[in-house]
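Residue-level structural notes
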Protein chains: 2
Amino acid sequence: MVQSRQVHLVRRPNGMPVPEDFAIATVDTPDAGEGQVQLQAVLVSVDPYMRPRLDADQPLGQPLLGGGIARVVQSAHPDFAKGDLVMHRAGMQERFVADPRHLRKLTPDPDLPLSVYMHALGGTGITAYGGLLEVGALKDGEQVFVSTAAGAVGSVVAQIAKLKGCYVVGSTGSEAKAAWLRDELGLDAVINYQAEPIGPALKAATPNGIDVYFENVGGAHLDAALPRMNNRGRIPVCGMISTYNGEREGVRNLSTVIYSRIRIEGFVGGDFPHLQAQFVEDMTGWLKSGRIKTQETILDGFERAPEGLIGLFHGRNLGKMLIRAAD
Amino acid sequence: MVQSRQVHLVRRPNGMPVPEDFAIATVDTPDAGEGQVQLQAVLVSVDPYMRPRLDADQPLGQPLLGGGIARVVQSAHPDFAKGDLVMHRAGMQERFVADPRHLRKLTPDPDLPLSVYMHALGGTGITAYGGLLEVGALKDGEQVFVSTAAGAVGSVVAQIAKLKGCYVVGSTGSEAKAAWLRDELGLDAVINYQAEPIGPALKAATPNGIDVYFENVGGAHLDAALPRMNNRGRIPVCGMISTYNGEREGVRNLSTVIYSRIRIEGFVGGDFPHLQAQFVEDMTGWLKSGRIKTQETILDGFERAPEGLIGLFHGRNLGKMLIRAAD
């Protein structure tokens with residue numbers, strides 16, 4: 001029997017989550033039973049989508065719902081050997097027993113860092129890919145606006161759009177992130193919404209309107225984008241991070257959807273299993289050729305998962321935020 | 001040379017339109033030139049969609065943009081004879097010369113009142129039909145919510161949904177309208193939003209959620225509907241009348257679109273030429289068999305068009321609002 005730590009939600013956040021909303025619990029982990037494996041967390045993902053669940057289906061006193069990469073430390077299943085890597089959705093646990101039916105074995109490409117499987121080649125990547133190309137129905141050369149373009153999903157969206165020959169405008173919340181988007185990713189225009197009001201800035205940056213607005217923010221961003229949408233424009237809605245912590249500005253420009261025939265459509269990363277094979281092929285190629293660049297903010301130490309999650313809502317990440325629980 | 005009256009916009013409304021925003025102008029009407037016809041307005045349509053145009057592309061000192069049914073009083077075109085009826089989009093004019101290329105000759109069905117061509121068999125009907133069946137992708141037996149269900153478009157939407165075996169909830173703003181929806185149209189539940197808050201009332205009326213919300217109102221109605229939407233629910237947006245006169249409540253529940261994969265999509269009645277033939281066949285049959293019932297509020301006298309238009313925003317119409325300019 002070994003001990004394990006878990007990240008628990010101990011009370012529902014009141015607006016912005018604070019460290020006291022979480023606790024690190026220590027529990028006993030049994031040995032792997034017949035047909036099971038015991039796992040050690042390696043990388044833990046923290047994502048904006050977790051915030052709404054803290055108010056809803058996340059149980060108190062249980063591991064935070066989520067996923068990550070783990071290593072097999074004990075196996076009582078013929079298909080898994082000690083040292084194998086797996087992707088799991090078992091929540092924020094450091095050491096735990098799992099049924100392999102809920103795991104996906106990971107054979108990392110030796111030319112890519114392991115972390116990309118939590119990012120551009122994982123849930124983040126398929127969310128960007130499916131959201132932009134299928135829900136957003138992006139056509140080559142269109143006018144694209146991406147909010148939180150320096151975030152995990154946003155930065156992949158912006159780069160896919162550039163690959164497709166689009167004119168791409170991104171918004172972000174700091175000058176350092178704006179510089180990365182402009183200088184490293186080659187966006188056509190970047191708006192630092194902390195430095196200037198989003199409405200006039202977006203108008204100036206989109207002289208030919210917007211065909212696809214990839215929505216991660218909501219609120220004032222959406223109100224700024226709606227009047228800029230071209231006829232039959234699409235707004236795939238991946239997130240509305242501005243609304244998650246109680247600052248729920250109402251959206252006032254929705255009636256523009258009528259005459260511009262705008263389509264606003266929500267989705268989650270899990271909606272695209274039919275795109276998975278093509279996504280992996282495309283994204284692996286783009287990553288290896290350097291046409292898609294990734295950024296990560298990695299916090300070392302399993303116990304820092306609450307800090308990482310909270311940090312997302314303060315914009316403390318550049319690119320994908322991850323927790324390293326073990327090497 | 002005869003004289004004609006026109007309804008002009010003389011200043012942009014400040015919020016709710018008032019009579020002083022409009023004027024009745026008298027102008028000379030020339031005779032029909034070679035290939036032209038001279039027309040006498042018979043029925044003039046007033047519609048909620050006209051309100052946003054008063055702030056935008058409606059020129060001052062010109063006939064209000066719109067359409068109606070007119071009778072040929074002079075013809076210099078071989079295909080048109082005196083007495084023929086036509087549909088036109090020449091705006092609010094009493095007597096005017098037109099080029100037949102911009103007219104559609106109307107051969108009314110003798111078993112139906114002429115006014116249905118301004119209503120269930122006209123722009124109102126195709127808006128309801130295309131918006132519900134194509135944009136809303138309605139399936140038989142689904143859960144449907146229609147706002148302003150006693151209005152011109154709403155009442156047709158509600159009845160088509162009932163014909164398709166759906167559970168239909170409607171909202172309206174008076175007890176008399178609620179009674180008509182319940183007793184005459186057979187809706188499953190009716191909410192008088194002037195008598196009770198829309199949020200709790202809609203929750204109680206939709207125990208199985210909502211698959212299609214046909215949106216005519218916006219604001220608080222949309223905020224009430226969003227949390228009730230089922231997975232992959234659709235919100236065809238026909239209008240947002242609550243936002244047209246300056247009372248722009250912000251919409252706060254938009255983030256529900258993400259996890260429920262809701263699609264919100266704007267459209268206008270002119271988007272469905274490909275459905276026109278099927279629509280006319282279906283709707284003619286439904287009207288003759290009494291399966292679709294129509295209500296009209298008709299004001300007599302061309303000069304009452306501003307009163308009719310303003311009345312729409314005070315809920316003074318039951319069903320379609322029309323102006324009778326001549327018998």
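Each chain carries its own residue numbering, running from 1 in the direction its sequence is written. Chain A is the first chain written and ligand 1 is the first ligand written, with later ones labelled in order. Where local features are concerned, this predicted model is filtered to residues with pLDDT of at least 70; where side-chain atom pairs are given and counted, the filter is 80 or more; whole-chain, interface and lining totals use all residues.

Moving on, we come to the overall build of chain A. For helices the rule is a DSSP run of H or I covering at least 4 residues; for strands it is a run of E covering at least 2, with both sets numbered from the N terminus onward. Within chain A, the regular secondary structure consists of nine helices and 15 strands. Restricting the calculation to C-alpha atoms gives the radius of gyration, and the globule rule supplies 2.2 Å times the number of residues raised to the power 0.38. Against the 2.2 N^0.38 benchmark of 20 Å for 327 residues, chain A shows a C-alpha radius of gyration of 20 Å, consistent with a compact globule. Along the first, second and third principal axes, the C-alpha atoms of chain A reach 65 × 45 × 35 Å. What counts as a contact is two residues whose backbone-derived C-beta atoms lie within 7 Å of each other. Contacts in chain A between residues at least 24 apart in sequence constitute 66% of all its contacts with a sequence separation of at least 6.

Now for the nonpolar core. Note on definitions: a nonpolar core is a set of buried residues drawn from Ala, Val, Leu, Ile, Met, Phe, Trp, Tyr and Cys, linked by C-beta atoms within 7 Å. With C-beta atoms placed from the backbone, a residue is buried if 20 or more other C-beta atoms are within 10 Å of its own, exposed if 12 or fewer are, and partly exposed between those counts. Membership of the largest hydrophobic core comes to 190 residues, with the highest contact counts inside it found for Val44 and Val157 of chain A together with Val44 and Val157 of chain B. Not counting chain neighbours up to four residues away, the residues in contact with Val44 of chain A comprise Gly68, Met92, Phe302, Ala305, Leu322, Ile323 and Ala325 of chain A.

This part covers the domain arrangement of chain A. By a widely used convention, the size of an interface equals the accessible area lost when the partners come together. All names here are of chain A. For the purposes of this description, domain bounds are those given by an automatic or database domain assignment. Once the domains are mapped, chain A shows domain 1 (2–107 + 297–324) and domain 2 (123–268). Computed from C-alpha coordinates alone, the two centres of domain 1 and domain 2 are separated by 30 Å. The interface of domain 1 with domain 2 comprises 12 residues on the first partner and 14 residues on the second.

Turning our eyes to something else, we now look at the environment of Gly250 of chain B. Position of Gly250 of chain B relative to the elements: it lies in the loop between strand S12 (229–237) and helix H7 (256–259). Overall, Gly250 of chain B belongs to the partly exposed group, with 17 C-beta atoms counted inside 10 Å. As a C-alpha pair, Gly250 of chain B and Lys177 of chain B span 73 residues in sequence and 27 Å in three-dimensional space. Excluding residues within four positions of it along the chain, Gly250 of chain B makes contact with Glu249, Gly250, Val251 and Arg252 of chain A.

Attention now moves to the interface of chain A and chain B. Taken together, the contact between chain A and chain B spans 26 residues of the former and 26 residues of the latter. Elements with a contribution of two residues or more to the side of chain A that touches chain B: helix H7 (256–259) and strand S13 (263–266) of chain A. Take the side of chain A that touches chain B: its biggest share by element is four residues, from S13 of chain A. All amino acids are sorted into three groups, where Ala, Val, Leu, Ile, Met, Phe, Trp, Tyr, Cys and Pro are nonpolar, Asp, Glu, Lys and Arg are charged, and the leftover types, Gly among them, are polar. A per-class count over the side of chain A that touches chain B returns 12 nonpolar, seven polar and seven charged. Pairing analysis gives three bridges linking S13 of chain A to strand S13 (residues 263–266) of chain B, with the strands arranged antiparallel. One bridge is not enough; two strands pair if DSSP finds at least two bridges between them.

This next bit is on the environment of Asp327 of chain B. The topology assignment puts Asp327 of chain B in the segment after strand S15 (320–324). In this structure the C-alpha to C-alpha distance between Asp327 of chain B and Tyr193 of chain B, which are 134 residues apart in sequence, comes to 37 Å.

Turning next to the relation of the copies chain A and chain B. Copy-to-copy superposition: least squares on the C-alpha atoms, limited to residues that have pLDDT of at least 70 in both copies. The operation relating chain A to chain B is a screw motion whose rotation component is 180°, with 0.0 Å of axial translation and a residual RMSD of 0.1 Å. When the rotation and shift are considered jointly, the pair of chain copies conforms to a two-fold rotation axis. The position closest to the rotation axis in chain A is occupied by the C-alpha of Gly250 of chain A, lying 1.8 Å away. Most of the interface of chain A is mirrored in chain B: 100% of its interface residues are interface residues there too.

On to the pairing of strand S14 (residues 296–300) of chain B, then. Residues and elements named next belong to chain B. As paired elements, S14 and S15 share five bridges and run parallel to each other. The partner of Asp300 across the bridge, within S15, is Arg324. A clockwise course of the path from the first strand over the helix to the second, judged with the strands pointing away from the viewer, identifies a crossover as right-handed. Once you follow S14 into helix H9 (residues 305–312) and on to S15, the crossover reads as right-handed.

Here we come to the packing of helix H2 (residues 123–135) of chain A against helix H8 (residues 276–288) of chain A. All names here are of chain A. Running from amino to carboxyl end, H2 crosses H8 at an angle of 105°, the nearest separation of the two axes being 10 Å. When the interaxial angle is binned, H2 and H8 end up roughly perpendicular. Every residue of H8 that contacts H2 at Gly125, Ile126 and Tyr129 is listed here: Gln276, Phe279 and Met283. Here the residues of the contact of H2 with H8 are counted per class, giving four nonpolar, two polar and no charged. For helices, the axis comes from a line fit to the C-alpha atoms of the stretch in contact; other axes are also lines fit to C-alpha atoms, and the angle between any two N-to-C directions lies between 0 and 180 degrees. For classification purposes, an angle smaller than 35 degrees is called roughly parallel, one larger than 145 roughly antiparallel, one from 65 to 115 roughly perpendicular, and anything else oblique.

The next point concerns the sheet that holds strand S11 (residues 210–214) of chain A. The 12 strands are arranged S10(A)-S9(A)-S8(A)-S11(A)-S12(A)-S13(A)-S13(B)-S12(B)-S11(B)-S8(B)-S9(B)-S10(B) in an open sheet whose pairing can be described as mixed. Each having just a single partner strand, strand S10 (189–192) of chain A together with strand S10 (189–192) of chain B make up the two edges of the open sheet. Neighbour-to-neighbour, the strand axes of this sheet turn through a mean angle of 15°, independent of strand direction. Direction of pairing for S12 of chain B relative to S13 of chain B: parallel, over a ladder of four bridges. Residue Ile235 of chain B lies in a different strand from S13 of chain B, and its bridge partner there is Ile264 of chain B. Taken strand by strand, helix H4 (residues 175–184) of chain A contacts strand S9 (167–172) and S10 of chain A, and its axis lies near 175° from that of S10 of chain A. Together, strand S8 (143–146), strand S9 (167–172) and strand S11 (210–214) of chain B form the strand contacts of helix H3 (residues 152–163) of chain B, whose direction differs from that of S9 of chain B by roughly 165°.

Let us now look at H2 of chain A. All names here are of chain A. By the criterion of burial, H2 is predominantly enclosed, with 12 of the 13 residues buried. What H2 keeps buried is the set Gly123, Thr124, Gly125, Ile126, Thr127, Ala128, Tyr129, Gly130, Gly131, Leu132, Leu133 and Val135. Just beyond H2, the residue with positive phi is Ala137, at close to 45°.

Now for helix H5 (residues 198–205) of chain A. All names here are of chain A. Among the residues of H5, those classed as buried are Ile198, Leu202 and Ala205. Along the long axis of H5, the arc covered by the buried residues comes to 65°, so they all point the same way. H5 presents Pro200 and Ala204 as exposed residues on the side facing more than 90 degrees away from its buried surface. Residues of H5 that are buried in the fold lie against strand S8 (143–146), S9, S10 and helix H6 (220–225). Working definition: the arc comes from the directions between the helix axis and the C-beta atoms, pointing outward to the latter.

All names here are of chain A. Here Thr26 shows up in strand S2 (residues 22–29). Residue classification places Thr26 among the exposed positions, given that 9 C-beta atoms sit within 10 Å. Linking Thr26 and Ser4, residues 22 residues apart in sequence, is a C-alpha distance of 5.6 Å. The contacts of Thr26, once residues within four sequence positions are left out, are Gln3 and Arg5.

A word on unusual backbone geometry. Residue and element names in this part refer to chain A. The phi dihedral of Arg232 is positive, around 60°, even though this residue is not glycine. Its location among the elements puts Arg232 in strand S12 (residues 229–237). Residue Arg232 is classed as partly exposed on the basis of its 14 C-beta neighbours within 10 Å.

Now for the packing of H2 of chain A against helix H3 (residues 152–163) of chain A. All names here are of chain A. Relative orientation of the contacting elements H2 and H3 amounts to 50°, with a least axis distance of 8 Å. By the angle between their directions, the pair H2 and H3 is classed as oblique. Pair H2 / H3 crosses with right-handed handedness. Between H2 and H3, the residues in contact are Thr124, Gly125, Thr127, Ala128, Tyr129 and Leu132 and Ala152, Val153, Val156, Val157, Ile160 and Ala161, respectively. Here the contact of H2 with H3 is built from residues that sort into nine nonpolar, three polar and no charged. Should the near helix be turned counterclockwise from the far one by less than a right angle, the crossing is left-handed, whereas a clockwise turn marks it as right-handed.

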